[in-house]
Amino acid sequence: MRFFFAICVTFTFVLSAAGQKKLERTLKQLNSGSVPYIYVNELQEKSDKVFLDTRKREEYEISHLKNAIWVGYKDFQEDTIIAKISDKNAPIVVYCSIGVRSEDIGEKLQKAGFTNVENLYGGIFEWKNQGKPVYRNNSETDSVHTFNKQWGKLLNNGIKVYDTKKIH
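Scoring rules and cut-offs
- Residues numbered from 1 in each chain as written.
- Predicted model: local features only at pLDDT ≥ 70, side-chain atom pairs only at ≥ 80, totals over all residues.
- Heavy atoms only, no water.
- Core = buried A, V, L, I, M, F, W, Y, C linked by side-chain atoms within 4.5 Å.
- Buried < 20%, exposed > 50% of the residue type's maximum accessible area, 1.4 Å probe, protein only.
- Helix = DSSP H or I, 4+ residues; strand = E, 2+ residues; numbered from the N terminus.
- Contact = heavy atoms within 4.5 Å.
- Salt bridge = Lys/Arg side-chain N within 4 Å of Asp/Glu carboxyl O.

Undergrad: An account of the nonpolar core is requested, with residue identities and associated values reported.
TA: Judged by nonpolar contacts, the single largest core of 23 residues is most densely connected at Leu 65 and Leu 120. Counting only elements with at least two residues in this core, the list comes to helix H1 (2-30), strand E4 (92-95) and helix H5 (123-129). Broken down by element, the residue count for this core peaks at three residues, all from H5. Not counting the four nearest positions on each side in its chain, Leu 120 is found in contact with Ile 38, Tyr 39, Val 40, Leu 43, Leu 65, Val 93, Val 94, Tyr 95, Ile 98, Gly 99 and Trp 127. If you look at the next biggest cluster of nonpolar residues, it comprises 14 residues, including Phe 76, Ile 92, Val 94 and Phe 114.

Following this line, the structure appears as structure tokens:
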């Protein structure tokens, strides 16, 4: 029995490590590192940081980090953010599915004069993979919009949602 348990633990660790390596490779390939990363384990539950969700509205509506403000990606409006966050030194964490779109929005915020912008490493996928809660309509949920099946391979914890029509 112990042998079987040891095999299961080893297999789980290998799969997790392989997933982490794939995420790391993807981010190195697609990001420039222009917006510094903040890692899930560096964030506390009660944070003074402002979380900005840079995904599509339908992704945000499936789930998001608690109290996150949706800012979108293609719909991003710099003026809207400046109206909501007047302090250009406010600690801001941008995130998306894994951290690619959020880097782009983080760069726009930096160009707008925001001085304390960080990009959540691994995005909402890594957040959920590490067992952190996500919310829909102020209630905790296990669902995460995975954008598509290819990106969904990076989400190892939670319910993968590809089609928002099946949720509503």
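Anyway, onward from the coordinates.
Undergrad: Provide a residue-level description of the pattern of salt bridges, including the pertinent values.
TA: For the structure on display, the rule yields five salt bridges. Residue Glu 59 pairs with Arg 101 through a salt bridge whose shortest N-O separation is 2.8 Å. On the criterion of sequence distance, the pair formed by Glu 59 in helix H2 (residues 57-62) and Arg 101 in helix H4 (residues 101-111) is long-range, its members being 42 residues apart. Accessibility expressed as a relative area gives 14% for Arg 101, which makes it buried.

Undergrad: Describe unusual backbone geometry, with residues and values.
TA: Of note in the backbone geometry, Asn 67 takes a positive phi value of approximately 65° without being a glycine. Here Asn 67 shows up in the loop between H2 and strand E3 (69-70). Of the residues examined, Asn 67 reaches a relative accessible area of 67% and is grouped as exposed. Positive phi is not limited to glycine here, since Asn 138 has a value of about 65°. Residue placement: Asn 138 occurs in the loop between strand E6 (134-136) and strand E7 (139-141).

Undergrad: Give a detailed account of H4, specifying residues and quantitative values.
TA: Along H4, the positions that sit buried rather than exposed are Arg 101, Ser 102, Glu 103, Ile 105, Gly 106 and Leu 109. If you follow the buried residues of H4, they end up packed against strand E2 (50-53), H2, helix H3 (78-84), E4 and strand E5 (117-120). Gly 113 lies just past H4 and shows a positive phi near 105°.

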